[in-house]
Amino acid sequence: MIRYKKAKAKNKPMLIEYKLLTIIPYTKDDSKKLEIIAYVNNMVSKNYKDFTIIYHFFKPIRIYLIKDKELDTLFICEKYRNKGIGSKLMKNIQDKIETIKVKKENKKAIKFYKQNGFVKEERNKDSLILRKGD
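Residues numbered from 1 in each chain as written. Predicted model: local features only at pLDDT ≥ 70, side-chain atom pairs only at ≥ 80, totals over all residues. Heavy atoms only, no water.

Caption draft 1: Structural view of helix H2 (residues 33-47). A rise of 1.5 Å per residue sets the reference length of H2, with its 15 residues, at 21 Å; its end C-alpha atoms lie 21 Å apart and thus fit the reference within 8%. All buried positions along H2 are accounted for by Ile 36, Val 40, Met 43, Val 44 and Asn 47. Here the buried residues of H2 occupy an arc of 95° about the axis, which is enough to place them on one side. Along H2, the residues that are exposed and aim more than 90 degrees away from the buried face are Leu 34, Glu 35 and Lys 46. If you follow the buried residues of H2, they end up packed against helix H1 (12-21), strand S2 (51-56), strand S3 (59-67) and strand S4 (70-76). (Helix = DSSP H or I, 4+ residues; strand = E, 2+ residues; numbered from the N terminus. Expected span 1.5 Å × (residues − 1). Buried < 20%, exposed > 50% of the residue type's maximum accessible area, 1.4 Å probe, protein only. Arc of directions from axis to C-beta. Contact = heavy atoms within 4.5 Å.)

Rendered as structure tokens:
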């Protein structure tokens, strides 16, 4: 049984952990990691109500955040990856998003988004901006 719920204040620690897992493994410069942790703590504290948590029965298995038509965060627990769950979610939210920002080192995520109809459009220092393809 899959359930979607808006995040609550009590979910902040989990949201912070999952958000960090979408950034920290792809950050090569260790000196930036403390900055990132502070940024994520602040961002989640301000925006936690905008996150959606997806539960499999009572276990949270993925989260996502859409802000201003940009998919800011998509995290799926390791055990639930490569089972079509992420693709199903993308189909459900595609009409709500126009862009996706992803760390350029996150090759698996880039491949996943391209398989789900997004194409590379821009590149900045450490991220790619993907847009819906035609």
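Caption draft 2: Region of the structure containing the packing of aromatic side chains. In total, this model carries two aromatic pairs according to the counting rule given. Across from the ring centre of Tyr 55, 5.2 Å away, lies the NZ or CZ of Arg 3, which sits over that ring. (Phe/Tyr/Trp six-rings, centres within 6.5 Å; stacked < 30°, edge-to-face > 60°. Lys NZ or Arg CZ within 6 Å of the ring centre and 35° of its normal.)

Caption draft 3: Spatial organisation of the nonpolar core. Within the largest apolar cluster, 40 residues are counted, with the highest numbers of intra-cluster contacts made by Leu 15, Leu 71, Leu 74, Met 90 and Tyr 113. For this core, the leading source of residues is H1, giving five residues. Setting aside residues no more than four positions away along its own chain, Leu 71 makes contact with Tyr 64, Leu 65, Ile 66, Met 90, Ile 93, Ile 97, Thr 99, Ile 100, Lys 101 and Tyr 113. (Core = buried A, V, L, I, M, F, W, Y, C linked by side-chain atoms within 4.5 Å.)

Caption draft 4: Representation of the pairing of S3. Bridge analysis of S2 against S3 gives six bridges, and the strand direction is antiparallel. The partner of Ile 53 across the bridge, within S3, is Ile 63. Between S2 and S3, which pair antiparallel in sequence order, lie two residues; one of them, Phe 57, sits at a positive phi of approximately 60°. Judged from the six bridges that link them, S3 and S4 form a sheet pairing that is antiparallel. Along S4, the bridge assignment pairs Ile 66 with Leu 71. (Pairing = 2+ DSSP bridges.)

Caption draft 5: Expanded view of unusual backbone geometry. Positive phi, close to 50°, is recorded for Asp 68, a residue that is not glycine. Looking at the secondary structure, you find Asp 68 in the loop between S3 and S4. Although it is not a glycine, Lys 69 adopts a positive phi angle of roughly 65°. Among the structural elements, Lys 69 can be located in the loop between S3 and S4.

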